[in-house]
Amino acid sequence: MTSALYPTYARADVAFTRGEGAWLFAENGDRYLDFASGVAVLSLGHDHPHLVETLKAAAEKPWHVSNLFRIPEAERLAERLVAATFAETVFFVNSGAEAVECAIKTARKYHAANGQPERYRLITFEGAFHGRTLATIAAGGNPKYLDGFGPPLDGFDQVPFDDLAAVEAAITEETAGVLLEPVQGEGGLRVFPHEFLRKLRALCDARGLLLVLDEVQCGVGRTGKFLACEHSGVTPDIVALAKGLGGGFPLGACLATREAAKGMTLGTHGSTFGGNPLATTVGAAVLDVVLAEGFLARVAALGGHLRQRLAELHDRHPRVIEAIRGEGLMFGVKTRVPNGEFAAAARAEGLLLPIAGDNVVRLLPPLIIDESHISEAFDRLDRACARFAAKAEQLGAA
Ligand SMILES: *Cc1c(COP(=O)(O)O)cnc(C)c1O
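Each value, and the rule that gives it
Residues numbered from 1 in each chain as written. Predicted model: local features only at pLDDT ≥ 70, side-chain atom pairs only at ≥ 80, totals over all residues. Heavy atoms only, no water. Helix = DSSP H or I, 4+ residues; strand = E, 2+ residues; numbered from the N terminus. Rg over C-alpha atoms; globule rule 2.2 N^0.38 Å. Buried < 20%, exposed > 50% of the residue type's maximum accessible area, 1.4 Å probe, protein only. Contact = heavy atoms within 4.5 Å. Areas by Shrake-Rupley, 256 points an atom, 1.4 Å probe, with all protein chains shown as cover. Lys, Arg positive; Asp, Glu negative; His and termini not counted. Charge placed at Lys NZ, Arg CZ, Asp CG, Glu CD. Pairing = 2+ DSSP bridges. Axes fitted to C-alpha atoms, helices over the stretch in contact; angles between N-to-C directions. UniProt positions renumbered as here; feature names shortened; annotations may be inferred. 1 Å grid on protein atoms, 1.4 Å probe; cavity = no way out; pocket = protein on both sides within 12 Å on 5 of 7 lines; lining within 4 Å. Phe/Tyr/Trp six-rings, centres within 6.5 Å; stacked < 30°, edge-to-face > 60°. Salt bridge = Lys/Arg side-chain N within 4 Å of Asp/Glu carboxyl O.

**Q** What's the story with the overall build of the chain in this structure? I'm lost.
**A** Of the regular secondary structure elements, the chain holds twelve helices and 17 strands. For the chain, the C-alpha radius of gyration of 21 Å lies close to 21 Å, the compact-globule estimate for 398 residues. If you line up the chain on its principal axes, its C-alpha atoms span 70 × 55 × 45 Å. Within the chain, the fraction of its 398 residues that count as buried is 52%. Residue pairs at least 24 apart in sequence account for 74% of intrachain contacts in the chain once pairs closer than 6 positions are excluded. When the accessible surface of the chain is totalled, it reaches about 18000 Å², and 53% of it is carbon and sulfur. Taken as two groups, the 39 positive and 48 negative side-chain charges of the chain have centres that lie 1 Å from each other.

If you want it as structure tokens, here you go:
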């Protein structure tokens, strides 16, 4: 199949014409349960009435005015993000990588504003994913994403996952802070222990470092709290958000305390599209739902239920499934068969799942699902597992 698009993605050969809640309908009429959610983007699923109404109304007003002028929609959304989190100030962007870029620049500029411009390095973790711009591939440190793109941007020192001693050993006079995903997404759904985050916060405080969190995937309610770091009780200095924030509309944000953002003064950063009326109006509609009374508690409860069902699946198919990990509605199933083959088998059973590193398939359902969707997913996963068991038997008999 030739296409005018760059061949950079391993796309499944299926295209969709309609979506409804957690369901997607293909051109040929096939129906899929969407536990990919456009990679954790569709926090409210497909065709959510409140988002559709909001976007239609916003389409009749100015879509874009640029940051040459005040944007009341952006001001209001920033106020709501501030009210809902640790943050005191917000910068809007259009994607996850841009949100992380802004977070990195904010951290570097903080120390420059303190008269220590030599403190520009961030400590990062193995298995991290922070985006595909030149800075964020350097931060992520994945050799596959760096290869052939010239010398990686300087300023990132990577240490093993969950290794506080290694963080301590990596701190130098040039260290600005620590950058991590509280729950690693692309790297294989690894959850940093809450105790580790608390110790890391204490270490940052002791050494004058900024704690910078990339919650592009795990933020905006995905784990059952608005920010994943709330599970550990840790207060960060800077947080990058995107994916779920726009519910499918490209929108990202960098959240910070006033102190951490003190270097980001007039003229230090900018974005043509960032925070335009269309995007921030839709973002506000996402918050209407996610921050409504009881919504996040419901996500957490559904997550507990999903965890139970996945444990049951693990018990039933120990030869196919090696481990289950995650929090809220963000789970990883580490498979003993190649994860790409497992995702294809799940798709053949009508369940869409993204894969991740460490041979993991992810479950990232829309946050609006109910228990019936979890039962449907379980049945489909059970049948996908059975396909491998049947295959193994055939091989054994041959
Ligand atoms: C997806 C993701 C990014 C990059 O987001 P883009 O919108 O693709 O630029 C950055 N960090 C994390 C944790 C992500 O999951």
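**Q** Help me understand the sheet that holds strand β17 (residues 360–363) in this model?
**A** Backbone hydrogen bonds hold the strands of a sheet together, and the pairing may be parallel or antiparallel. Spatial strand order, β13-β14-β17-β16: four strands in an open sheet with antiparallel pairing. Bordering the open sheet on either side are β13 (321–327) and β16 (355–356), each of which pairs with just one other strand. As defined by bridge partners, β16 adjoins β17 across two bridges and the pair is classed as antiparallel. Within β17, the residue paired with I355 across the bridge is V361. Contacting β13, β14 (330–335) and β17, helix α10 (residues 295–316) crosses the sheet at an angle of about 175° to β13.

**Q** Teacher, can you tell me more about the UniProt feature "binding site: N(2)-acetyl-L-ornithine" (unreviewed entry) in the chain here?
**A** Annotation from UniProt places "binding site: N(2)-acetyl-L-ornithine" (unreviewed entry) at R132 and S271. Taking the annotated residues in turn, S271 line the second largest pocket. Tracing the chain through its elements places R132 in the loop between β5 (121–125) and α5 (134–140). According to the relative accessible area criterion, R132 is exposed, its value standing at 55%. Here S271 lies in the loop between β12 (252–256) and α9 (277–290). Here S271 is in contact with N67, F91, F92, N94 and E98, once residues within four sequence places are set aside.

**Q** Looking at this structure, I do not really get the sheet that holds strand β2 (residues 23–26). What am I missing?
**A** The strand order across the open sheet formed by four strands is β1-β2-β3-β15, and the pairing between neighbours is mixed. Every interior strand has two partners, whereas the edge strands, β1 (16–20) and β15 (351–352), have only one. Bridge count between β2 and strand β3 (residues 31–34): three bridges; the pairing is antiparallel. Considered in β3, the bridge of W23 is made with L33.

**Q** Please clarify how the packing of aromatic side chains should be interpreted in this entry.
**A** Centre-to-centre distance and the angle between the planes together describe a pair of aromatic rings. This structure, assessed with the given rule, holds seven aromatic pairs. Look at F125 and F196: their rings are 5.8 Å apart centre to centre, the planes differ by 80°, and that puts the pair in the edge-to-face class. Of the two residues, F125 is situated in strand β5 and F196 in helix α8 (residues 194–207); the sequence distance between them amounts to 71 residues. The structure contains a cluster of three or more aromatic residues connected by ring pairs, namely F125, F161, F192 and F196.

**Q** Teacher, can you tell me more about the pattern of salt bridges here?
**A** Evaluated as defined, the whole model comprises 18 salt bridges. A salt bridge links E186 to R362, with the shortest nitrogen-to-oxygen separation between them at 2.9 Å. One end of the pair, E186, is in the loop between β8 (183–184) and β9 (190–191); the other, R362, is in strand β17, and 176 residues separate them in sequence. Since its relative accessible area comes to 24%, E186 is described here as partly exposed. One salt bridge connects R316 with D382, and the closest N-O pair in it is separated by 2.8 Å. One end of the pair, R316, is in helix α10; the other, D382, is in helix α12 (residues 371–397), with 66 residues separating them in the sequence. Overall, D382 belongs to the buried group, its relative accessible area being 14%. Put simply, R121, D154 and D157 are held in one network by salt bridges that share partners.

**Q** Quick question: what am I supposed to make of the pairing of β14 here?
**A** Every regular strand shows the same layout, with side chains that alternate between the two sheet faces. Among the six residues that make up β14, six are buried, leaving the element largely enclosed by the rest of the structure. Of the two faces of β14, the one lined by M330, G332 and K334 and the one lined by F331, V333 and T335 are each fully buried. Judged from the six bridges that link them, β13 and β14 form a sheet pairing that is antiparallel. Bridging across to β14, I324 finds its partner in V333. Between the antiparallel neighbours β13 and β14 lie two residues, among them G328 with a positive phi of about 65°. One ladder, built from four bridges, connects β14 with β17; its direction is antiparallel. Bridge pairing in β17 places F331 opposite L363.

**Q** In this structure, what is going on with the pairing of strand β10 (residues 210–214)? I would like to understand it.
**A** Buried residues dominate β10, accounting for five of its five residues. Neither face of β10 is open: one carries L210, V212 and D214, the other L211 and L213, and all of them are buried. Where strand β7 (residues 175–180) meets β10, four bridges bridge the pair, whose relative direction is parallel. Paired with L179 across the two strands is V212, which belongs to β10. The pairing of β10 with strand β11 (residues 238–241) spans three bridges and is classified as parallel. Looking across to β11, one finds that L213 is bridged to V239.

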